[in-house]
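Breakdown of the fold
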Amino acid sequence: MKNIIPKKCITLFAISLLVFGAAGCTNQSAASPVPADSVSESSSVEKKQETENTAAENHKSGDMTVDSFASTFYNTTDTAHFFRSLDGQTRILDFETMENVLLCNKPNCNHKSNDCIVNRLNGNVPMFSGTDTYYFIDDYPRIQEGDDGKPFLKLGSTLYRYDLTSSREEKLLYIEGVSVSDNCYGWLLHDGVIYFIGNHYSPEYDENGILTFYGNTGGKMELNAVDLSTMEIKQYGELYDLETLAQYYPNVKNSGEVYMAGVFDEKLYFNVGFAHSIESGYSFYVTWFDLNSKTYHGEPQDYTNIDYCSADFVSRDYLVITREGQADIYKAGREQTVTIKDDSISPWSFLSVFDDTLFLCEKAFDLNTKESKIIDLLKEKAVVAKYDDSYVISYINKQQDFEKIPASQLLNGK
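Figured I'd write up the structure that's included with this text. The structure presented is a predicted model; accordingly, all values stated were derived computationally and were not measured.

Quick look at the environment of L245
- Assignment of secondary structure puts L245 in helix α3 (residues 242-248).
- According to the relative accessible area criterion, L245 is buried, its value standing at 0%.
- Note: C-alpha distance between L245 and P300 (55 residues apart in sequence) is 9.7 Å.
- Residue contacts for L245: discarding those within four places in its chain leaves Y240, V252, F274, Y285, Y303 and I306.

This is the structure:
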């Protein structure tokens, strides 16, 4: 059984993006809504003059009618790239101006106060709808003593909305019984519904009555959804069968993780991952949730023969599933799958597809001819977006460095 270990060409944007699974589509009463407080605080915003304000204003005119998928490390829209910087702050790269600034629109903000959106996000990347941003702030698990004197694990998270125009934050909903922290690796705003992973940490009592629980890996995780029009919460079941998987791979209770990868063809994709042993690297398999039928697919039928792979690139136009030495590319509106084979391909690679070209570090693969070529301009770089007639390029291992290169220049390798 082969363990999958990330190769060299993995950018910091994807380093924590892959690993999840799905079990049955059962309604489980794990997360229960609690009425939220009303509006917390707001402040009027004068005309934007600082760089941060300009970037936020430019983003307002972007096409936000598409799904807003945010891993906790990035959210790429048609007009901007939002990401967590190396120093743990949320930043925005405006594709038009290529300004790379903190996601803050408050005039003269020093980014140190509690009402600064950058501090509120604590490095997480929000979802967007127009000028509204949505994000969770977690209570983080803590053991408390109940009325009966027995310890229990206190879990809860709060959903907030923040208007980039008015700098007004609104507390929408407190969700009791689950943790929705940056350890949950992604959330999705789709047709007015926010889908998120709730972590239960699987608390247990030992023979002495001492309460213990798993950390941010290995616990029970399930898919939940909040309808923003009604604030109603729905549960769609566990994202992987922890107990069954643990029968074959006991270390999953110390290492199991679930990550959202994105939406393609009305399906929300996950990467499920775990380490076979303490010493081994992680292995992954891909599952998905049908957003129309609300059903799971892809959970292994035979846990002794798991198809190890990962969804390394998911967009409106393309889905890329990678295995060792192979990438299967699905394109919207095209029935036939394109398979590219190359020794440089492995699961958990940072790759991307634009204009029927698969980019993997300095290699570019034509999906129509399956021919590959080396592009010197992409050495130690990665393509993160296509904007107008140019590609937006990230420097690998230099998360805050970007450049925009005309498509004709890049593809010609000049």
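Don't stop here, the text continues.
Describing the packing of aromatic side chains
- Per the stated rule, a full pass over the model turns up 18 aromatic pairs.
- Geometrically, the ring pair formed by F95 and Y387 is tilted, given 5.8 Å between the ring centres and 50 degrees between the ring planes. Note that F95 is positioned in the loop between β5 (90-94) and β6 (100-102) and Y387 in strand β31 (residues 381-387), a separation of 292 residues in sequence.
- Under the relative-accessibility criterion, Y387 is labelled buried at 15%.
- Within the aromatic cluster, the residues linked to one another by ring pairs are Y195, Y236, F289 and Y296.
- Seen from the ring of Y160, R120 lies directly overhead, with NZ or CZ sitting 5.0 Å from the centre.
- One residue, K386, lies across the ring of Y391, its end atom 5.2 Å from the ring centre.

Thoughts on unusual backbone geometry
- Phi angles above zero are rare outside glycine, and H111 is one such case at about 60 degrees.
- For H111, the location among the structural elements is in the loop between β6 and α2 (117-121).
- Positive phi, close to 55 degrees, is recorded for D265, a residue that is not glycine.
- Topologically, D265 is positioned in the loop between β19 (257-264) and β20 (267-275).

Structural notes on the sheet that holds strand β17 (residues 221-227)
- Taking strand neighbours across the sheet as the criterion, the 5 strands line up as β2-β13-β14-β17-β18 in an open arrangement whose pairing is antiparallel. The open sheet has two edge strands with one neighbour each: β2 (68-70) and β18 (232-238). Taking the axes of each pair of neighbouring strands and ignoring which way they run, one obtains an average angle of 20 degrees across the sheet.
- Of the strand pairs in this sheet, strand β14 (residues 193-199) and β17 are connected by 7 bridges, and their pairing is antiparallel. Each residue of the ladder has a partner; that of Y195, found in β17, is A225.

With respect to the layout of surface pockets
- Its boundaries defined by the atoms lining it, the second largest pocket holds a volume of some 300 Å³.
- In terms of lining, the second largest pocket is formed by 19 residues, of which the most central are Y269, V286, W288, I321 and Y330.
- Counting residues per element, the ones that place at least two in the lining of the second largest pocket are β20, β21 (282-290) and β24 (318-323).
- When the residues that make up the lining of the second largest pocket are grouped by side-chain class, the tally is 11 nonpolar, 3 polar and 5 charged.

Digging into the sheet that holds strand β27 (residues 352-354)
- If you trace the 4 strands from one edge of the open sheet to the other, you get β27-β28-β29-β30, paired in antiparallel fashion. The two strands at the open ends of the sheet, each matched to only one other strand, are β27 and β30 (372-374). Strand-to-strand twist in this sheet, taken as the mean axis angle between neighbours without regard to direction, amounts to 25 degrees.
- Where strand β29 (residues 363-366) lies against β30, 3 bridges are found, and the strand directions are antiparallel. The residue bridging A364 from the neighbouring strand is K373, located in β30.

Calculation criteria
- Residues numbered from 1 in each chain as written.
- Predicted model: local features only at pLDDT ≥ 70, side-chain atom pairs only at ≥ 80, totals over all residues.
- Heavy atoms only, no water.
- Helix = DSSP H or I, 4+ residues; strand = E, 2+ residues; numbered from the N terminus.
- Buried < 20%, exposed > 50% of the residue type's maximum accessible area, 1.4 Å probe, protein only.
- Contact = heavy atoms within 4.5 Å.
- Phe/Tyr/Trp six-rings, centres within 6.5 Å; stacked < 30°, edge-to-face > 60°.
- Lys NZ or Arg CZ within 6 Å of the ring centre and 35° of its normal.
- Pairing = 2+ DSSP bridges.
- Axes fitted to C-alpha atoms, helices over the stretch in contact; angles between N-to-C directions.
- 1 Å grid on protein atoms, 1.4 Å probe; cavity = no way out; pocket = protein on both sides within 12 Å on 5 of 7 lines; lining within 4 Å.
- Points joined across faces, edges and corners; volume = space filled by probe spheres on them.
- Nonpolar A, V, L, I, M, F, W, Y, C, P; charged D, E, K, R; others polar.

These results come straight from atomic positions and should not be treated as a statement about function.
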